[in-house]
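# Residue-level structural notes
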Amino acid sequence: MTAEEYDRILQRLGREPSYTELGLFSALWSEHCAYKHSKVFLKRLPQTGPHVLQGPGENAGALDIGDGWAVVFKIESHNHPSFIEPFQGAATGVGGILRDIFTMGARPIAILDSLRFGDPNDPKTRHLIHGVVSGISWYGNCFGCPTVGGEIAFAPEYAGNPLVNVMCVGLVRADRIFRARAEGVGNPVFYVGNKTGRDGIHGATMASATFDEGAEAKRPTVQVGDPFTEKLLLEACLEAMATGAVVGIQDMGAAGLACCTSEMPARSGTGMTVELASVPQREEGMSAYELLLSESQERMLIVAERGREEELRRVFAKWELDAVQIGEVTAGPDLTVRHRGDEVARVPVDALAEAPKYEKPYAAPAWLKELRAFDPLALPAPADYDEALRALMGAPALASKEWAYRQYDQQVGVNTLVLPGSDATVLRVKGTRRAIAVSTDGNGRHVFLDPRRGAAMAVCEAARNVSCAGGRPLGVTDCLNFGSPERPEILWQLAEAVEGLAEACRALELPVVGGNVSLYNETSGLAILPTPVVGVVGLLEDASQLATQWFKAAGHRIALLGPDAVSLGGSEYLWTRHGKQGGALAPLDLELERRVQAAVRAAIGEGLVTAAHDCAEGGIAVALAEACVTGKTAIGCEAALPAGMRADLTLFGEGPSRVVVSVEGGRAREFEALMAESAIPWQWIGATGGARLRLRVGGEMVVDVSVDHLEHAWRNGFERHMA
Amino acid sequence: MRFGVVVFPGTWSDCDFHYVISEVVKQPVKYVWHRDRNLADLDCVVLPGGFSYGDYLRAGAVAGRSPVVEALPEFLAGGGLVLGSCNGFQILCEAGLLPGALMRNECLQYRCQSTSLLVENVDTPFTRALRPGQVLTMPISHGEGKYHAEPETLRALRQRHQVVFRYATAAGQVTRAANPNGSAENIAGIINEEGTVLGLMPHPERAAESAIGGTDGLQIFHSLLGSLVEDGTFTKR
């Protein structure tokens, strides 16, 4: 907390705050809780739309998906704790986002993890990957929610600041959504779930600072998770909600009890009084300060309907969890905290909720111009394109992530129609014909070179992944991972990236219904690549009309939809082959992006395509190779790509709005007619079949490689680092 | 056929079994709370997957001593059948209703993947709709699925044809490479001497619809229904 912020508290209270009160302000006014550096930008994001049932400001966002159902989803970071203690950091990241979903009354049906690490060759990074993946596996598997997707990418900038972003999706009846409100003066306030200990105190403030050499010393600020208790809490909360006795409910996440007891009444224009001595405790002699700020996991605050306390107690007793009345809703405006009868804090809830907002100066970094001016074509073209492609398929960022996801239960709930390993995961909605498609995306290298376009491309790609599965994108959740906002160049990255997200979301008509900002991702002055991670949820009205990315049989024709424009700037090829990070990104035409995605969905909906795959990192050569090798049995293909550019640019250049599809020969005419209607650039480029991937550029055969070799490289490229 | 799906604190395949039995197999089914000892109105009790009591002592250790499991011998004596999958198999071993134990996977990691199962014994109420030597595809999802038993127990299991499923290749070869967790003799599922209690690590409920990983798991339910009709239990009750 700064001196100015302290003065602001003096002004607001008209007196010196007590030690406990100061603790409340310090936690709730932290960047993590209050978004004081980012709020000014976040309001630029579109937040409304015809499907939106709940936008930002609650535990999670909610969208109407028809037939009386709503999907509740959010992405959140647990970066700082995961660097200090990877297993528990990642595990409690999963636990936190699960609670955000089921406090809304939704049953969690899917987890996706977007992870970023340094070089997997580095033993320290390997340790972090092992810890994070086993932490996710432990918590998600024990809790019983399938982990169905996400990404893992690598860059040296993440070595001292790995990113662990976890997205959760839940389902709820659209008219049964619960909110974090403290309504009804006189209603009892219940503490439910795990007992409170000293773990995680100052978690929120720890996550609002950069690291230096002594980061590991902050280990006591990492919480410890208990997925079994979380599972009981889930069942108990949903059962309690079904009784009708629950008025409002909020997860005790960052800043624990302090956060819930101030945010819930602040949203409802009420106040609250609580007696801390009533809080179930697992350690002796905890102070008021510790009880308020503990971030012990698996706890909720519930405002119940007066007179129905017994119903609530009965449900929690059945699940062998504490449910203790610790206070009641008042007319306001204060949060009054007592400890063994003594008043230890009395603060207007609005004062806690209204953290200062900063509009700090920002400016583009001077070094960016030179970096962007770098011409990748000044580097020599590869002599052996077979080898270049094989190396790219085996690069850790592109290689199979089966090593990670086979440690995750992907199927519990029996909803998973498309398992991890395709562009998007597809989950059915039981009792309806519907399904949802989910994907996360975010390329830090692209955003580093061009924050605005790179962020817009992240939205486009996540949405394109969903479209490639046959889903109509409905909404977005985003997690903005950046360095310290106190540096003008970082704040500029954030401002530009949010603008890019906003532009793309507007163009694709995607409301942003929730998310999270994680700043201060720096260690000893080195910031991460600016990494907005975008999660998109889409709807398939008919679950049987879905598509996957791999070729299904020989003899299908292959088409490339979208523009020809690509660039090696910021590409995976440039990094993997040349160790360079520079150049300009390909142009992005948002209107064309929208049309390409609509065309892909229409073709899938008509049953015309047998595979659809987004061209992303590694360009069209990698997209085709992935379509060949990621299915149950590898299938070769032959394609001729247009001349006019150097072959490495044609093959490995990256650009938005491009999708590869396969079409059965007998449906080619229908497909052509549909594409003509769609008014998008497209072309036939080849056909599936054989055991080799053969690519011509301008008539010359430049790649002719066995798909078995490609598959081997792809299967082992990541796993060989983890053994 | 009347099914009961047991719910322990921490069970998570309960809803999946309930869904498959009621919506796919179209049979009456109800949840049975872990404190319930009354199983009188059931023909088959299912112990589903999950982490009962968090698996905090050993997988299945606490649930193996719960009221509902203590009521199983009497239920079996009355002609009932018990199917334990995943955590359910672990619980049955912990309760002594099946021999052996399930230990941490040899790779020391959790494994969720598709497996091929060689069917070795079709002379059970759970497998009578199958052919010997048939290969079924069913997923596993566990961290502690390595079947372990003393050599004499393994020998007895072999002699009495109590090994029902072994992990195998898609072609039915029982190989080391096809063994996902290091189980002794690739054992994936066993039955008790009386042929009334089946335990298996794979998840038949996750292989009961073509849209969700195939229908091989359904064969177990079809076998059960066939058994019941044929031996007259269905009409008797």
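As the structure is a computational prediction, the values presented were derived from the model and not from experiment. (Residues numbered from 1 in each chain as written. Chains lettered and ligands numbered in written order. Predicted model: local features only at pLDDT ≥ 70, side-chain atom pairs only at ≥ 80, totals over all residues. Heavy atoms only, no water.)

This paragraph deals with empty space enclosed by the protein. Residues and elements named next belong to chain A. Evaluation of the coordinates by the stated rule reveals 3 cavities of 30 Å³ or more. When its volume is computed, the second largest cavity comes out at roughly 170 Å³. Lining the second largest cavity are 19 residues, and of these His446, Met457, Glu461, Gly655 and Pro656 sit closest to its centre. Partitioned by chemical class, the residues of the lining of the second largest cavity number 7 nonpolar, 6 polar and 6 charged. (1 Å grid on protein atoms, 1.4 Å probe; cavity = no way out; pocket = protein on both sides within 12 Å on 5 of 7 lines; lining within 4 Å. Points joined across faces, edges and corners; volume = space filled by probe spheres on them. Nonpolar A, V, L, I, M, F, W, Y, C, P; charged D, E, K, R; others polar.)

Once that is clear, we can look at helix H25 (residues 707-716) of chain A. Residue and element names in this part refer to chain A. Among the residues of H25, those classed as buried are Val707, Leu710, Glu711, Ala713 and Trp714. Mapping the buried residues of H25 onto a view down its axis gives an arc of 165°, with all of them on the same face. H25 presents Asp708 and His712 as exposed residues on the side facing more than 90 degrees away from its buried surface. With a side-chain oxygen lying 3.1 Å from the backbone nitrogen of Asp708, the N-terminal cap of H25 falls on Ser706. (Buried < 20%, exposed > 50% of the residue type's maximum accessible area, 1.4 Å probe, protein only. Helix = DSSP H or I, 4+ residues; strand = E, 2+ residues; numbered from the N terminus. Arc of directions from axis to C-beta. Polar contact = N/O pair within 3.5 Å; in protein donor to acceptor, adjacent residues only side chain to side chain.)

With that settled, consider the pattern of salt bridges. Taken as a whole, this structure holds 59 salt bridges over all chains when the rule is applied. As a salt-bridge pair, Glu310(A) and Arg313(A) come within 2.9 Å of each other at their nearest N and O atoms. Of this pair, Glu310(A) and Arg313(A) both sit in helix H12 (residues 309-318), 3 residues apart, which is roughly one turn of that helix. Using a relative accessible area of 47% as the deciding quantity, one classes Glu310(A) as partly exposed. Its relative accessible area of 32% is what places Arg313(A) among the partly exposed residues. Two residues, Glu185(B) and Arg166(B), come together in a salt bridge whose shortest N-O distance is 3.7 Å. Placement of Glu185(B) in the loop between strand S9 (163-168) and strand S10 (187-191) and of Arg166(B) in strand S9 is noted, with a sequence separation of 19 residues between them. (Salt bridge = Lys/Arg side-chain N within 4 Å of Asp/Glu carboxyl O.)

In this section: the nonpolar core. Core analysis: the largest hydrophobic core is formed by 183 residues, its most contacted members being Phe316(A), Phe3(B), Leu72(B) and Phe165(B). Top contributing element to this core by residue count: helix H19 (residues 488-507) of chain A, with 10 residues. Grouped together as the second largest cluster of nonpolar side chains are 44 residues, Trp29(A), Met252(A), Leu257(A) and Leu276(A) included. (Core = buried A, V, L, I, M, F, W, Y, C linked by side-chain atoms within 4.5 Å.)

The next point concerns the pairing of strand S10 (residues 299-304) of chain A. Residue and element names in this part refer to chain A. Counting buried positions along S10 yields 6 of 6 residues, so the element is predominantly enclosed. In S10, alternate side chains face the same way, and those of Arg299, Leu301 and Val303 on one face and Met300, Ile302 and Ala304 on the other are all buried. When strand S7 (residues 188-193) meets S10, the two strands line up antiparallel, connected through 5 bridges. Across the sheet, the residue bridging to Val192 is Met300, located in S10. Bridge count for strand S8 (residues 246-251) against S10 is 5 bridges, and the pairing is antiparallel. (Pairing = 2+ DSSP bridges.)

Once that is clear, we can look at the interface of chain A and chain B. Each partner contributes to the interface: chain A provides 30 residues, whereas chain B provides 24 residues. For the pair chain A and chain B, the summed buried surface comes to about 2,300 Å²; carbon and sulfur atoms form 59% of the total. Among the residues of chain A in contact with chain B, Phe228(A), Arg406(A) and Val414(A) are the three that bury the most area, contributing 24% of the side total. Here chain A is connected to chain B by 3 salt bridges. Note that Asp409(A) is salt-bridged to Arg206(B), the shortest N-O span being 2.9 Å. At the junction of chain A with chain B, the criterion picks out 11 residue pairs in polar contact (both at pLDDT 80 or more). (Contact = heavy atoms within 4.5 Å. Buried area = accessible area lost by both parts, 1.4 Å probe.)

The values reported here are purely geometric and, on their own, carry no functional implication.
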